[in-house]
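# Structural features, examined
One-letter residues, chain by chain:
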Amino acid sequence: MATQLFEGKGHAAVYQKYRFAPGEELQQTILSYVREKRTNPIELVVDVGCGSGQGTRFLAEHFRKVVGADISEAQIQEARDAPSPPNLSYLVCPAEELPFEDGSVDLLTSFTAVHWFDIEKFMKEVNRVVKPRGCVALSTYTADMSLRYGHCSEKLTQIFRETTDLIFKYAHTRVKHVLEDYKEIFEALPFQDKKRITDIFDKIPMTVAGVVGYFESFSPYQAYMKDDPEAAKTLLQETEKRFLDTMGVSSRETPLEFWVRHVCILGCKGP
């Protein structure tokens, strides 16, 4: 069955504020694949598990009609409240019960969400709604992340990973799919024509405050907050102080580079 961990309004607001859009390399990987595989125009794109719409808005810049779908009403409300172009709409629905006709979707995407779905049921829906010669792009960012700033990049990355390790003690078992580079999800995609790319690296412009907020958006951090709110808050306060001290700056708005490795599964349905 599917797992729902992003339901609360507070978490949805943090998610909207601190989760980043797909980076340039990931975007180009998806767009290049679609150009390679598709000869007919893309009429309908569906982004499943869209959260507060970071990936969905990128798609709307390139395709005629884009629909973002998520099971969380709070996430969809955040997405609708954000500025959106007229070709983009959102709906609340489970990933395993998509309200689209058989063979009606030209491109189906999901950004860092598939591991929360009931994978078997979701893949049946993918096979049902995607058109013949339609495409799928299922991606996630991995735990392979690093921070870069001046001469202290290695120390900053060490602090980042120490904090991540503490937070991930509260991780749901489904996070194993991310840690295994979506291997099982790739195997479950019912298309013959498919590939899994595991070495997409993107540089995301961020600030110290943004990195700390990103930690706060983690589902394991929200579980930590429920279990021991004071310890969870203290961890992020101490992490921020360690970042600033290491960088030799006082402002949490100091910019740095956030590097992340993505995995992307690409597939094309047979005729």
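Residues numbered from 1 in each chain as written. Predicted model: local features only at pLDDT ≥ 70, side-chain atom pairs only at ≥ 80, totals over all residues. Heavy atoms only, no water.

The following threshold applies: UniProt positions are given in the numbering used here, feature names are shortened, and annotations may be inferred rather than shown by experiment.
Looking at an unreviewed UniProt entry, one finds the chain named Putative methyltransferase DDB_G0268948 and attributed to Dromaius novaehollandiae. In its Sequence similarities (unreviewed entry) section, UniProt records this for the chain: "Belongs to the methyltransferase superfamily."

### Side note on the overall build of the chain
Note the cut-off: In this text, helices come from DSSP runs of H or I with a minimum length of four residues, and strands from runs of E with a minimum of two, each type numbered from the N-terminal end. For the radius of gyration, the atom set is restricted to C-alpha positions; the globular benchmark scales as 2.2 Å times the number of residues to the power 0.38. Whether a residue is buried, partly exposed or exposed follows from its accessible area with a 1.4 Å probe, protein chains only, as a fraction of its type maximum: under 20%, in between, or over 50%, in that order. Contacts are assigned to residue pairs that have any heavy atoms within 4.5 Å of one another. Here the Shrake-Rupley method, with its probe set to 1.4 Å, supplies the accessible areas, and only the displayed protein chains count as covering residues.
Helices and strands together make up the secondary structure of the chain, namely 11 helices and seven strands. Taken over the C-alpha trace, the chain has a radius of gyration of 19 Å; the compact-globule value for 271 residues is 18 Å, and the two agree within 12%. Dimensions of the chain, computed from the C-alpha atoms along their principal axes, are close to 55 × 35 × 35 Å. Of all 271 residues assigned to the chain, the portion counted as buried reaches 56%. Sequence separation of 24 or more characterises 77% of the internal contacts of the chain that already satisfy a separation of 6 or more. Roughly 12,500 Å² of accessible area belongs to the chain as shown, and the carbon and sulfur atoms make up 50% of that amount.

### With respect to the sheet that holds strand β3 (residues 88–92)
For clarity, the threshold we go by: In this description, strands pair whenever DSSP reports at least two bridges between them. Axis geometry follows a simple rule: fit a line to the C-alpha atoms, using only the stretch in contact for helices, then measure angles between N-to-C directions, giving values from 0 to 180 degrees.
Across the sheet, which stays open at both edges, the seven strands sit in the order β3-β2-β1-β4-β5-β7-β6 with mixed pairing between neighbours. Each edge of the open sheet is held by one strand with a lone partner, namely β3 and β6 (193–207). The average angle at which neighbouring strand axes cross in this sheet is 20°, direction not considered. Across 13 bridges, the pairing between β6 and strand β7 (residues 255–268) is antiparallel. Residue pairing in the sheet places M206 in a bridge with L256 of β7.

### Thoughts on the confidence of the model for the chain
The condition is simple: Every residue gets a pLDDT, meaning the predictor's confidence in that residue, from 0 to 100.
Within the chain, residue pLDDT values average 92, and 93% of them lie at 70 or more. Contacts from residues 2–8, a stretch scored under 50 in pLDDT, to residues over four places away or in other chains number 24 contacts.

### A word on the UniProt feature "domain: Methyltransferase type" (unreviewed entry) in the chain
Mapped onto the present numbering, the UniProt feature "domain: Methyltransferase type" (unreviewed entry) falls at residues 46–137. Secondary structure across residues 46–137 divides into 29% helix and 30% strand, with the first and last C-alpha atoms of the span separated by 10 Å.

### Here's the deal with the pattern of salt bridges
Applied cut-off: We count a salt bridge whenever a side-chain nitrogen from Lys or Arg sits within 4 Å of a carboxyl oxygen from Asp or Glu.
If you walk through the whole model with that rule in mind, you get 16 salt bridges. When the shortest N-O distance is used, the salt bridge between E240 and R252 registers 3.0 Å. With E240 in helix α11 (residues 229–247) and R252 in the loop between α11 and β7, this residue pair connects regions lying 12 residues apart in the sequence. Residue classification places E240 among the buried residues on the basis of a relative accessible area of 17%. A single salt-bridge network, built from bridges that share partners, covers D144, R161, D181 and R261.

### Points about the pairing of strand β5 (residues 130–148)
Rule in force here: Here a crossover is taken to be right-handed if, once the strands point away from the viewer, the path from the first strand over the helix to the second is traced clockwise.
Both strand β4 (residues 105–111) and β5 contribute to a ladder of six bridges, which runs parallel. From the neighbouring strand, L108 faces β5, where its bridge partner is V136. Between the parallel pair β4 and β5, the chain is carried across by helix α5 (residues 119–129), and the sense of this crossover is right-handed. Of the strand pairs in this sheet, β5 and β7 are connected by 11 bridges, and their pairing is antiparallel. Residue pairing across strands places L138 opposite I265, the latter belonging to β7.

### With respect to the nonpolar core
The condition is simple: Residues belong to a common nonpolar core when they are buried Ala, Val, Leu, Ile, Met, Phe, Trp, Tyr or Cys residues joined through side-chain atoms within 4.5 Å.
One finds F100, L108, F122 and L138 to be the most contacted residues of the largest nonpolar core, which totals 31 residues. Those elements that provide at least two residues to this core are β1 (45–48), β2 (66–70), β4, α5, β5, α8 (183–188) and β7. Here the element with the most residues in this core is α5; it accounts for five residues.

### Concerning the packing of helix α6 (residues 153–167) against α11
A pair of packed helices can be characterised by two numbers: the angle between their axes and the separation between those axes. Inclusion rule: Our angle categories are set so that under 35 degrees counts as roughly parallel, over 145 as roughly antiparallel, 65 to 115 as roughly perpendicular, and the remainder as oblique.
Where α6 meets α11, the axes come as close as 10 Å, and the angle between the chain directions of the two elements is 175°. One finds that α6 runs roughly antiparallel with respect to α11. Contact residues: K155, L156, I159, F160, E162, T163, L166 and I167 in α6; L235, L236, T239, R242, F243, T246 and M247 in α11.

### What about the environment of F201?
Along the polypeptide, F201 turns up in strand β6. Other than its neighbours up to four places away in sequence, F201 contacts E25, D144, V260 and R261.

### Focus: the packing of α6 against helix α9 (residues 208–217)
This is how the line gets drawn: By convention the crossing between two helices is left-handed if the near helix lies anticlockwise of the far one by an angle smaller than a right angle, and right-handed if it lies clockwise. Each residue is assigned to one of three groups, with Ala, Val, Leu, Ile, Met, Phe, Trp, Tyr, Cys and Pro labelled nonpolar, Asp, Glu, Lys and Arg labelled charged, and all others, Gly among them, labelled polar.
Relative orientation of the contacting elements α6 and α9 amounts to 15°, with a least axis distance of 11 Å. Classified by the interaxial angle, the pair formed by α6 and α9 is roughly parallel. Handedness of the α6/α9 crossing: right-handed. Contacts between α6 and α9 involve F160, T163, T164 and I167 from the former and V211, Y214 and F215 from the latter. The residue makeup of the contact of α6 with α9, split by class, is five nonpolar, two polar and no charged.

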